[in-house]
Amino acid sequence: MTTTAERERVPNDVLTSVRKSMNLSQDEFAQGLRGAGEELGEPNDASKRLVQRWESGMTRTCRPLYARALKQFTGRAPESLGFAIPMTRVHSDGAGGHDMEAGEVGTTSAVTSPEPETQGEYAGIWLSRYEFYSSSRDETFDCKHHVVIVQHGNRLTAQSLPGASTNPDSPLSLDLTVDRNIITGTWTEQTALDGYYHGARYHGAVQLLIEPTGRRMAGKWVGFGKDFDVNSGPWELRLLDRSTGRASVERYSASPE
């Protein structure tokens, strides 16, 4: 029988998509974390079971030891890997003083609303393409990434594959929600340190319409420019492969044509 806690558990699809984009099994990911710990001089006991607990949402936070290993291994802070950020709660100790207690962001006793019904399955490898205008260069650029999408109910998490973009070293992430044929969410892109934008991190919102075939999504993005203006442009995703297995990830871990 499924317990209430299991029904309300939210899988960490961000971590899953990042792992898949690295083309690693859960066991290999754990091995990488152990190696990162050795490099940092902080050995850890990361295991396949631990990664499973993280990805299933059974464990929503990670100990500082693992947080540092995750950062070393993936190049991302735990909060950008879908983990809840620990915070400190202050409460009266009943004797005129106060105690501090660690908690989790997002922890609540409220009843979780059921997820909207999803009209399709969108997990797979997709070609992401968007356009943006550069005022400093007075030119419009066409940017493409191969991304792997992980789906849980009406939630989609997308992560670009390493080396699979027309902008080298510019990882792209999307966090999306499906409502019938409408997809709404946010995007984040980290530009290359040695590129034109010198490692700047850009983010914004996106809304897409899903075609009846379920193989293409098209719409618009919005985001802030350097002059505090709001920019916009077209964005589309086209399905390339329903599989997110190792062979498919290896096939698309290359710059889109």
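Parameters at a glance
- Residues numbered from 1 in each chain as written.
- Predicted model: local features only at pLDDT ≥ 70, side-chain atom pairs only at ≥ 80, totals over all residues.
- Heavy atoms only, no water.
- Helix = DSSP H or I, 4+ residues; strand = E, 2+ residues; numbered from the N terminus.
- Buried < 20%, exposed > 50% of the residue type's maximum accessible area, 1.4 Å probe, protein only.
- Contact = heavy atoms within 4.5 Å.
- Areas by Shrake-Rupley, 256 points an atom, 1.4 Å probe, with all protein chains shown as cover.
- Core = buried A, V, L, I, M, F, W, Y, C linked by side-chain atoms within 4.5 Å.
- Pairing = 2+ DSSP bridges.
- Axes fitted to C-alpha atoms, helices over the stretch in contact; angles between N-to-C directions.
- pLDDT = per-residue confidence, 0-100.

Help me out: how do you make sense of the overall build of the protein in this one?
Along the backbone of the protein there are six helices and 10 strands. By the burial criterion, 38% of the 257 residues in the protein qualify as buried. Put simply, 47% of the contacts in the protein that link residues at least 6 apart link residues at least 24 apart. In the form shown here, the protein has an accessible surface area of approximately 14,400 Å², with 52% of it arising from carbon and sulfur atoms.

What am I meant to see in the nonpolar core here?
Among the nonpolar cores identified, the biggest contains 23 residues, and Trp-126, Leu-156, Leu-174, Ile-183, Met-217, Trp-235 and Leu-237 are the most heavily contacted of them. Those elements that place two or more of their residues in this core are strand S3 (124-134), strand S4 (139-152), strand S5 (155-165), strand S6 (172-179), strand S7 (182-190), strand S8 (201-210), strand S9 (216-224) and strand S10 (230-241). Per element, the largest residue contribution to this core is four residues, and it comes from S6. With residues up to four places along the chain from it excluded, the contact list for Leu-237 reads Trp-126, Leu-127, Ser-128, Val-147, Ile-149, Leu-208, Arg-215, Arg-216 and Met-217.

What is the right way to read the pairing of S6 from this model?
For S5 and S6, the ladder comprises five bridges, and the chain directions are antiparallel. Residue pairing in the sheet places Ala-158 in a bridge with Leu-174 of S6. Both S6 and S7 contribute to a ladder of eight bridges, which runs antiparallel. In the strand pairing of S7, Val-178 is matched with Ile-183. Remark: two residues form the turn of the hairpin made by S6 and S7, two consecutive strands paired antiparallel; Arg-180 in that turn has positive phi of roughly 60°.

Can you help me understand helix H2 (residues 13-21) in this one?
One full turn of an α-helix is made of 3.6 residues, so residues set three or four places apart face in the same direction. Taking burial as the measure, the nine residues of H2 include seven buried ones, the bulk of the element. Those residues of H2 lying buried are Asp-13, Leu-15, Thr-16, Ser-17, Val-18, Arg-19 and Ser-21. Looking at the buried side of H2, the elements it contacts are helix H3 (26-40), helix H4 (48-56), S4, S5 and helix H6 (246-251). One or two residues past the end of H2 sits Asn-23, with phi positive at roughly 60°.

I keep staring at the sheet that holds S6 and nothing clicks. Help me out?
If you walk around this closed barrel you meet the eight strands as S3-S4-S5-S6-S7-S8-S9-S10, and the pairing is antiparallel. Ignoring which end each strand starts from, the neighbouring axes of this sheet average 30° apart. The sheet contact formed by S4 and S5 spans seven bridges and is antiparallel. By the bridge assignment for S5, His-152 is matched with Arg-155.

Help me out: how do you make sense of the confidence of the model for the protein in this one?
Any residue range with low pLDDT should be treated as having predicted coordinates unsuitable for detailed reading. In the predicted model, the protein carries a mean pLDDT of 81, and 80% of its residues have values of at least 70. In this model residues 87-93 is a low-confidence stretch, pLDDT under 50, and it forms 25 contacts with partners more than four residues away in sequence or in other chains. Predicted confidence for residues 96-118 stays below pLDDT 50, and this span has 45 contacts to residues more than four positions away or in other chains.

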